[in-house]
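The primary structure of each chain is shown beneath.
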Amino acid sequence: MRVHETDAVVVGAGPVGLFTVFQCGMVKVRCHVVDALSHVGGQLSALYPEKPIYDIPGHPRILASALVERLSAQAAPFEPVFHLGVTATTLTAEPDGRWRMGLGNGEEIVARAVILASGGGAFAPKRPPLDGLEQYEGSGVFYSVPRREAFRDKRIVIAGGGDSAVDWAISLSEIAAKVSVVHRRPRFRAVPGAEADLLRLAEQGRIELVIPTQLHALEGHDGQLEAVIVATLEGETRRLPADALLAFFGLSGDVGPVAGWELAMDGHCVIIDPASGAASRPGIFACGDICTYPGKLRLILTGFAEAARAAHSVHDVVHPGAALHFVHSTTAGVPGP
Ligand SMILES: Cc1cc2nc3c(=O)[nH]c(=O)nc-3n(C[C@H](O)[C@H](O)[C@H](O)COP(=O)(O)OP(=O)(O)OC[C@H]3O[C@@H](n4cnc5c(N)ncnc54)[C@H](O)[C@@H]3O)c2cc1C
């Protein structure tokens, strides 16, 4: 089993987790960052990458995906170690005052401080309620497209009616043997331009729209998917021969692990002292959507300020006895050329 040691472990690579890495770096605190998603950006990447945000100071209008890129670039000089696609599951106190965090992949991180930037919880795809689903997951059933080429010349069924389903149907129609889109409503929830492209490709016969229908069953052997059975709302079924099912039903947040770490909570949020960012156990801090206190505003910009506050407190935990002289970034600069 691999055990990593670091100054601080940040749970969540959303916008606030990324800015926490920057703020920690400015006060000489090294970070490992854990996120259940396979990419950074939290809600911005997972839920609304193409939406413009209008209330980030200094950016009258910035796409969520562009903000994530800039936050990543801002954190990069401090060389954070990312553990992506991995859930932080357990947290136990070490006799020397450090924390030992257990990860879903069996690895562990031992750190002086823990900073929760875990938002609405660990993101996981919403899975369709189909018998035998597990045996096909990763071989014939997927919830994202890590490598587009893997679907070349394949017969693909795409389920869902949002941006991901529509965008991937359009993209994969260029390389797949066949793309069928299954959606339980007659209209899609994608941005209008994308929906128009989808309908045009359907008219040209390059994509088959199997609507309104929903997933009913999977057929195959030994983890090898052979067909997806769909049903109309009246219960009439149809068999779609398929090598892969891509199910895009969105994500759900699981606050489960953090809720089990014996922290004072208000509902799904960790109660902090806003003057320090500290949660109810020593050495644990929280910022962003996961934290609460009187007057809390659930905004990205609020999370950024909370990240700065937490980082300064973490400095005192990681470097006990070393005075932290407050310096502006204009004076301190950042590492690198
Ligand atoms: C459609 C939409 C539009 C929005 N528009 C705006 C806007 O205009 N302006 C604004 O300020 N805010 C907006 N928000 C809110 C904003 O997105 C959130 O305030 C922000 O994402 C919070 O950032 P965060 O880093 O705290 O948490 P998140 O972005 O939720 O990131 C938390 C990350 O932690 C990970 N995580 C949690 N628990 C674990 C665990 N145990 N192990 C591993 N990983 C874990 C999750 O997978 C996730 O990636 C919007 C939200 C939505 C949904």
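An unreviewed UniProt entry lists the chain under the name Ferredoxin--NADP reductase, with Magnetospirillum fulvum given as the organism. The chain has a UniProt comment under Subunit (unreviewed entry) that states "Homodimer." Regarding the chain, the relevant UniProt record gives this comment under Catalytic activity (unreviewed entry): "2 reduced [2Fe-2S]-[ferredoxin] + NADP(+) + H(+) = 2 oxidized [2Fe-2S]-[ferredoxin] + NADPH".

Student: Provide a residue-level description of the pairing of strand S6 (residues 88–93), including the pertinent values.
Tutor: Bridge count between S6 and strand S7 (residues 99–103): 5 bridges; the pairing is antiparallel. Bridged to Leu-91 within S7 is Met-101. Where S6 hands over to S7, the hairpin turn is made up of 5 residues, of which Gly-97 adopts a positive phi near 95°.

Student: For the sheet that holds strand S11 (residues 155–159), give the residues involved together with the corresponding values.
Tutor: Pairing within the open sheet is parallel, and its 5 strands lie in the order S10-S17-S11-S12-S13. Whereas interior strands pair on both sides, the edge strands pair on one side only; in this sheet they are strand S10 (141–142) and strand S13 (208–210). Both S11 and strand S17 (residues 244–247) contribute to a ladder of 4 bridges, which runs parallel. The residue of S17 that forms the bridge with Val-157 is Leu-245. With respect to the sheet, helix H5 (residues 163–172) is in contact with S11, strand S12 (178–182) and S17, its orientation differing from that of S11 by roughly 165°.

Student: Account for the UniProt feature "binding site: FAD" (unreviewed entry) in the chain, with residues named and values stated.
Tutor: In the UniProt entry, the feature "binding site: FAD" (unreviewed entry) is given for Asp-35, Gln-43, Tyr-48, Ala-88, Phe-123, Asp-289 and Thr-330. A stretch of 296 residues holds the annotated residues, and the largest C-alpha distance among them is 36.0 Å, long enough that they do not meet in one place. Cross-referencing the annotated residues with the lining of the largest pocket gives Tyr-48 and Phe-123. For Asp-35, the contacting residues outside a window of four places in its chain are Gly-12, Ala-13, Gly-14, His-83, Leu-84, Gly-85 and Val-86. Along the chain, Asp-289 falls in the loop between strand S21 (284–286) and strand S22 (291–292). Leaving out residues up to four positions away in the same chain, Asp-289 has contacts with Gln-43, Gly-119, Cys-269, Lys-296 and Arg-298.

Student: Describe the state of the cysteines, and please don't skip the residues or the numbers.
Tutor: A full pass over the atoms with the stated rule returns 0 disulfides. Free of any disulfide, Cys-31 has its nearest neighbouring cysteine sulfur in Cys-24, separated by 3.8 Å. You can call Cys-31 buried: its relative accessible area is 4%. Among the cysteines around Cys-269, which has no disulfide bond, Cys-291 carries the closest sulfur, lying 7.7 Å off.

Student: Tell me what's going on with unusual backbone geometry, and back it up with residues and numbers.
Tutor: The step from Ile-211 to Pro-212 runs through a cis peptide bond, and the omega angle for that step is -10°. Positionally, Pro-212 belongs in the loop between S13 and strand S14 (213–221). Of note in this structure, Glu-79 is not a glycine but carries a positive phi near 50°. Mapped onto the secondary structure, Glu-79 falls in the loop between helix H3 (64–75) and strand S5 (81–84). Notably, Asp-222 is not glycine yet its phi reads approximately 50°, a positive angle.

Rules of the game
Residues numbered from 1 in each chain as written. Predicted model: local features only at pLDDT ≥ 70, side-chain atom pairs only at ≥ 80, totals over all residues. Heavy atoms only, no water. UniProt positions renumbered as here; feature names shortened; annotations may be inferred. Pairing = 2+ DSSP bridges. Helix = DSSP H or I, 4+ residues; strand = E, 2+ residues; numbered from the N terminus. Contact = heavy atoms within 4.5 Å. Axes fitted to C-alpha atoms, helices over the stretch in contact; angles between N-to-C directions. 1 Å grid on protein atoms, 1.4 Å probe; cavity = no way out; pocket = protein on both sides within 12 Å on 5 of 7 lines; lining within 4 Å. Disulfide = S-S within 2.5 Å. Buried < 20%, exposed > 50% of the residue type's maximum accessible area, 1.4 Å probe, protein only.

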